[in-house]
Amino acid sequence: MEISVGEAAKRSGMAVSALHFYEKKGLIHSWRNQGNQRRYHRSVIRRLAVIKAAQEVGLSLDEIATSLQALPKHQAPTRKQWDTMAAQWQAQLQHKILQMQALQKDLGSCIGCGCLSLETCAIYNPQDVRAEKYTGQSSLTNPEDWNAEL
Ligand code: FES
């Protein structure tokens, strides 16, 4: 069964523009009927709910799009397909939980500080990402190198 973009928006509680955006990003898929109107498989409602939930727990649209690529575009995914996708998210969510816990821990030392030091502030430079990106001496000793590449 197919539904219009307006019905998909109404049933998902999202704006039509959001659906167009998600489609442009490859998260949902439509086809055109004979009147050149956009149509979705009704399973798009569940897919939109999954997208919304995934965003709320911190997954990026790129991460969500990558996971949804394994699902069929114009039919309802099987239970097994949903389960496989959910299993992939478990590791990503666990990683994000650990990141948030580390951020929560580091935040305490930053409150009232405000230095935003590249060398000591875990909030401004978490896990010393500049050092990871730039190996070698120039990464921490020549700030002009950082700006040129970032
Ligand atoms: S703001 Fe100073 S350590 Fe983070």
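The protein is annotated in an unreviewed UniProt entry as Redox-sensitive transcriptional activator SoxR from Vibrio ulleungensis.

Engineer: I'd like a rundown of the packing of aromatic side chains, residues and numbers included.
Structural biologist: Across all of its chains, the model carries one aromatic pair by this definition. When the ring of Phe 21 is compared with that of Tyr 22, the centres are 6.2 Å apart and the planes differ by 50°; the resulting orientation is tilted. On the basis of relative accessibility, which here comes to 39%, the residue Phe 21 falls in the partly exposed class.

Engineer: Any details on the packing of helix α3 (residues 44-56) against helix α5 (residues 79-110)? Residues and values, ideally.
Structural biologist: The N-to-C vectors of α3 and α5 enclose an angle of 10°; their axes lie 13 Å apart at closest approach. Relative to α5, α3 is oriented roughly parallel. Here α3 contributes Arg 46, Arg 47, Val 50 and Ala 54 to the contact with α5, which in turn contributes Arg 79, Trp 82, Met 85 and Trp 89. Partitioned by chemical class, the residues of the contact of α3 with α5 number five nonpolar, no polar and three charged.

Engineer: Give me the lowdown on the sheet that holds strand β2 (residues 31-32), citing residues and values where you can.
Structural biologist: The strand order across the open sheet formed by three strands is β1-β3-β2, and the pairing between neighbours is antiparallel. Of all strands in the sheet, those bounded by a partner on one side alone are β1 (2-4) and β2.

Engineer: How would you explain the side chain of His 41 if you had to name every residue and give the values?
Structural biologist: Its location among the elements puts His 41 in strand β3 (residues 38-41). Polar contacts involving the side chain of His 41 include one to the side chain of Ser 43, which spans 2.9 Å. In this view, His 41 contacts Met 1, Ile 3, Trp 31, His 74, Gln 75 and Ala 76; residues no more than four positions away in its chain are not counted.

Engineer: Account for α3, with residues named and values stated.
Structural biologist: For α3, which comprises 13 residues, the first-to-last C-alpha distance of 18 Å matches the rise-based estimate of 18 Å (1.5 Å per residue) to within 8%. Three or more residues of α3 are buried, namely Val 44, Ile 45, Arg 47, Leu 48, Val 50, Ile 51 and Ala 54. Looking at the buried positions of α3, the neighbouring elements they touch are β1, α1 (5-12), α2 (16-24), β3, α4 (61-68) and α5.

Engineer: So what's going on with the pattern of salt bridges? Residues and values would help.
Structural biologist: Taken as a whole and judged by the stated rule, the model has five salt bridges. A salt bridge links Glu 7 to Arg 11, with the shortest nitrogen-to-oxygen separation between them at 3.7 Å. Here Glu 7 and its partner Arg 11 are both found in helix α1, four residues apart, which amounts to about one turn of the helix. The salt bridge partner of Asp 83 is Arg 79, with a shortest N-O separation of 3.2 Å. Taken as a pair, Asp 83 and Arg 79 lie in helix α5 at a separation of four residues, close to a single helical turn. By relative accessible area, which is 37% here, Asp 83 ends up partly exposed.

Thresholds applied
Residues numbered from 1 in each chain as written. Predicted model: local features only at pLDDT ≥ 70, side-chain atom pairs only at ≥ 80, totals over all residues. Heavy atoms only, no water. Phe/Tyr/Trp six-rings, centres within 6.5 Å; stacked < 30°, edge-to-face > 60°. Buried < 20%, exposed > 50% of the residue type's maximum accessible area, 1.4 Å probe, protein only. Axes fitted to C-alpha atoms, helices over the stretch in contact; angles between N-to-C directions. Helix = DSSP H or I, 4+ residues; strand = E, 2+ residues; numbered from the N terminus. Parallel < 35°, antiparallel > 145°, perpendicular 65-115°, else oblique. Contact = heavy atoms within 4.5 Å. Nonpolar A, V, L, I, M, F, W, Y, C, P; charged D, E, K, R; others polar. Pairing = 2+ DSSP bridges. Polar contact = N/O pair within 3.5 Å; in protein donor to acceptor, adjacent residues only side chain to side chain. Expected span 1.5 Å × (residues − 1). Salt bridge = Lys/Arg side-chain N within 4 Å of Asp/Glu carboxyl O.

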